[in-house]
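# An overview of the molecular structure
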Amino acid sequence: MATAQFNKENLQSSRANHKPRHQESSSVFPKQTAAASESAADKARNGQRWCLNDFEVGKPLGRGKFGSVYLARERSSKYIVAIKVLRKSQLLKAGVEHQLRREIEIQSHLRHRNILRMYGYFYDEKRIYLILEYSPGGELYKRLTSKGTFSEERSATYIRDLALALDYCHSKHVIHRDIKPENLLVGAHNEIKIADFGWSVHAPTSRRNTLCGTLDYLPPEMVEGRDHDEKVDVWSLGVLLYEFLYGSPPFEAEGHTATYRRISRVDLHFPKNPKISDGAKDLIRRLLVKEPSERMALADVSKHPWIKQNALSS
Ligand code: AMP
């Protein structure tokens, strides 16, 4: 854990660019005050480590495989965050300490509107606590499941923003490798947020686990066990766009072997219903290309005519 920079300065510096957006939680926590922020700035200069006492812990936001996530307020600044509490015993039992280290190392260094901020971490004898940006819109997966599909406007907006965020990751030599609805959150302004870096075993989904694990979003080179590079994220973006518009991933099949075969052959079909525009299908075809180097460049996604026509300004 020693490698990640997790001191109070991290949270303080993030606050500088932050617009007030905590009205939705005002029933749980009062609004921030200037005096409170100043007192946090004084503390930040000392470079102290966080501890649980620095936070008032509020309602649970959800449960993951290794623990729970709570709404919390930093006492001196009144800054609202989400605290993920992970049990050390469970992490050790599952042998995922390395993945957690990597997640912290990567996520705490990324700064992008569409990437969930990790402000810091601390630990006690039994638990590890991750201090995360609070994402009031919750899980994208739940929204997609309750709506069935997203509109072309909503899908184009999410895909454009994800392409920009992933391009940013790649510029920092970070490959996400696990882009899927379960690993995406929704912010206060309906903006998409990439979460769960390097942590694919952390949030397995009940649906895909019982059916065919997480194979649905994997590209041909990964299911075939070949070398892969950052182009895996481009493929996942294509799978995601298809699922947003049609309500299920493109290569879904009964069991691992059948899914594997469909992915490997790029067995792509567009159902008649719902009726989807040709522009969206064109973008999906450009993302879901077997040869990784021939997949569309992420920087070109926002220039695609269908994105330009449909994405809402952010
Ligand atoms: P996880 O352990 O990351 O799978 O998180 C468990 C659940 O907590 C998620 O499914 C979300 O519903 C919720 N959650 C996790 N992180 C946040 C966050 N930063 N803001 C709001 N809700 C969150």
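We now turn to the structure provided with this report. Since we're looking at a predicted model, the values are computed, not measured.

## Quick look at the sheet that holds strand S4 (residues 118-123)
Spatial strand order, S1-S2-S3-S5-S4: 5 strands in an open sheet with antiparallel pairing. In the strand order of this sheet, the two ends are held by strand S1 (55-63) and S4, each with one partner. Here the average twist between neighbouring strands, direction ignored, is 25°. Here 7 bridges tie strand S2 (residues 67-74) to strand S3 (residues 80-87), and the two strands are oriented antiparallel to one another. What sits directly across from arginine 73, in S3, is isoleucine 80. Across the sheet, helix H4 (residues 97-107) is in contact with S3, S4 and strand S5 (127-133); its angle to S5 comes to roughly 30°.

## Considering the sheet that holds strand S6 (residues 138-139)
One open sheet holds the 3 strands; their spatial order is S6-S7-S8, and the pairing between them is antiparallel. With partners counted over all chains shown, the strands left at the sheet margins are S6 and strand S8 (192-194), one partner each. Relative to strand S7 (residues 184-186), S6 runs antiparallel, the two sharing 2 bridges. Paired with glutamate 139 across the bridge in S7 is leucine 185. Contacts from helix H6 (residues 152-171) reach S7 and S8 within the one sheet, and its direction differs from that of S8 by about 30°.

## Thoughts on the packing of helix H9 (residues 231-246) against helix H11 (residues 278-287)
At their nearest, the axes of H9 and H11 sit 8 Å apart, and the two run at 150° to each other. If you check the angle between H9 and H11, you find them roughly antiparallel. The interaxial crossing formed by H9 with H11 has left-handed handedness. Each of Val234, Trp235, Leu237, Gly238, Leu241, Tyr242, Leu245 and Tyr246 in H9 lies in contact with H11, whose residues at this interface are Ala280, Lys281, Leu283, Ile284 and Leu287. Among the residues making up the contact of H9 with H11, the classes are represented as 11 nonpolar, 1 polar and 1 charged.

## As for the pattern of salt bridges
Two side chains of opposite charge can pair, provided their charged atoms sit close to one another. Under the definition given, this model contains 15 salt bridges. Linking arginine 73 and glutamate 56 is a salt bridge whose minimum nitrogen-to-oxygen distance equals 2.7 Å. A residue pair is termed long-range when its members are at least 10 positions apart, and arginine 73 in strand S2 and glutamate 56 in strand S1 qualify at 17 residues. Overall, arginine 73 belongs to the buried group, its relative accessible area being 7%. Across the pair arginine 226 and glutamate 224 runs a salt bridge whose closest N-O atoms are separated by 2.8 Å.

## Quick notes on the packing of aromatic side chains
Scanning the model with the defined rule gives 12 aromatic pairs in all. Geometrically, the ring pair formed by phenylalanine 150 and tyrosine 158 is edge-to-face, given 5.6 Å between the ring centres and 75° between the ring planes. Across the pair, tyrosine 158 and phenylalanine 150 agree in class, each one buried. Three or more aromatic residues joined by ring pairs make a cluster, and in this case those are Trp50, Phe55, Phe122 and Tyr129.

## Some thoughts on the site of the ligand
By nearness alone, 16 residues border the ligand, and Gly64, Lys84, Glu133, Ser135 and Glu139 come closest of all. The backbone of glutamate 133 places a nitrogen or oxygen atom 2.8 Å from a nitrogen atom of the ligand. A distance of 3.0 Å separates a nitrogen atom of the ligand from a polar atom in the backbone of serine 135. Bound to the protein, the ligand loses 91% of the 480 Å² it would expose on its own. Mapped by element, the contributors of at least two residues to the shell around the ligand are S1 and S3. Per-element tally for the shell around the ligand: the top contributor is S1, with 3 residues. Both domains that furnish three or more residues to the shell around the ligand are identified here as domain 1 (8-132) and domain 2 (139-310).

## Side note on the pairing of S2
Counting buried positions along S2 gives 7 out of 8 residues, so the element sits mostly inside the fold. In this structure, S1 lies alongside S2, joined through 6 bridges in antiparallel fashion. By the bridge assignment for S2, arginine 63 is matched with serine 68. In sequence, S1 turns back onto S2 through a hairpin of 3 residues. Hairpin connection of S2 to S3: 5 residues between the antiparallel strands, including lysine 78 at a positive phi of 65°.

## What to know about the nonpolar core
In terms of nonpolar packing, the biggest core is built from 50 residues, with Ile159, Ile194 and Phe244 touching the most fellow members. Put simply, the parts of the chain that give this core at least two residues each are helix H5 (140-147), H6, S7, S8, H9, H11, helix H12 (298-301) and helix H13 (305-310). Once residues within four sequence positions are removed from consideration, isoleucine 159 is found in contact with Leu237, Leu240, Leu241, Phe244, Leu283, Val301 and Ile307. Residues Val69, Ala82, Leu100 and Leu132 belong to the second largest nonpolar core, which totals 15 residues.

Cut-offs and rules
Residues numbered from 1 in each chain as written. Predicted model: local features only at pLDDT ≥ 70, side-chain atom pairs only at ≥ 80, totals over all residues. Heavy atoms only, no water. Pairing = 2+ DSSP bridges. Helix = DSSP H or I, 4+ residues; strand = E, 2+ residues; numbered from the N terminus. Axes fitted to C-alpha atoms, helices over the stretch in contact; angles between N-to-C directions. Contact = heavy atoms within 4.5 Å. Parallel < 35°, antiparallel > 145°, perpendicular 65-115°, else oblique. Left-handed = near helix turned anticlockwise from the far one by under 90°. Nonpolar A, V, L, I, M, F, W, Y, C, P; charged D, E, K, R; others polar. Salt bridge = Lys/Arg side-chain N within 4 Å of Asp/Glu carboxyl O. Buried < 20%, exposed > 50% of the residue type's maximum accessible area, 1.4 Å probe, protein only. Phe/Tyr/Trp six-rings, centres within 6.5 Å; stacked < 30°, edge-to-face > 60°. Near = heavy atom within 4 Å. Polar contact = N/O pair within 3.5 Å; in protein donor to acceptor, adjacent residues only side chain to side chain. Areas by Shrake-Rupley, 256 points an atom, 1.4 Å probe, with all protein chains shown as cover. Domains from an automatic or database assignment. Core = buried A, V, L, I, M, F, W, Y, C linked by side-chain atoms within 4.5 Å.

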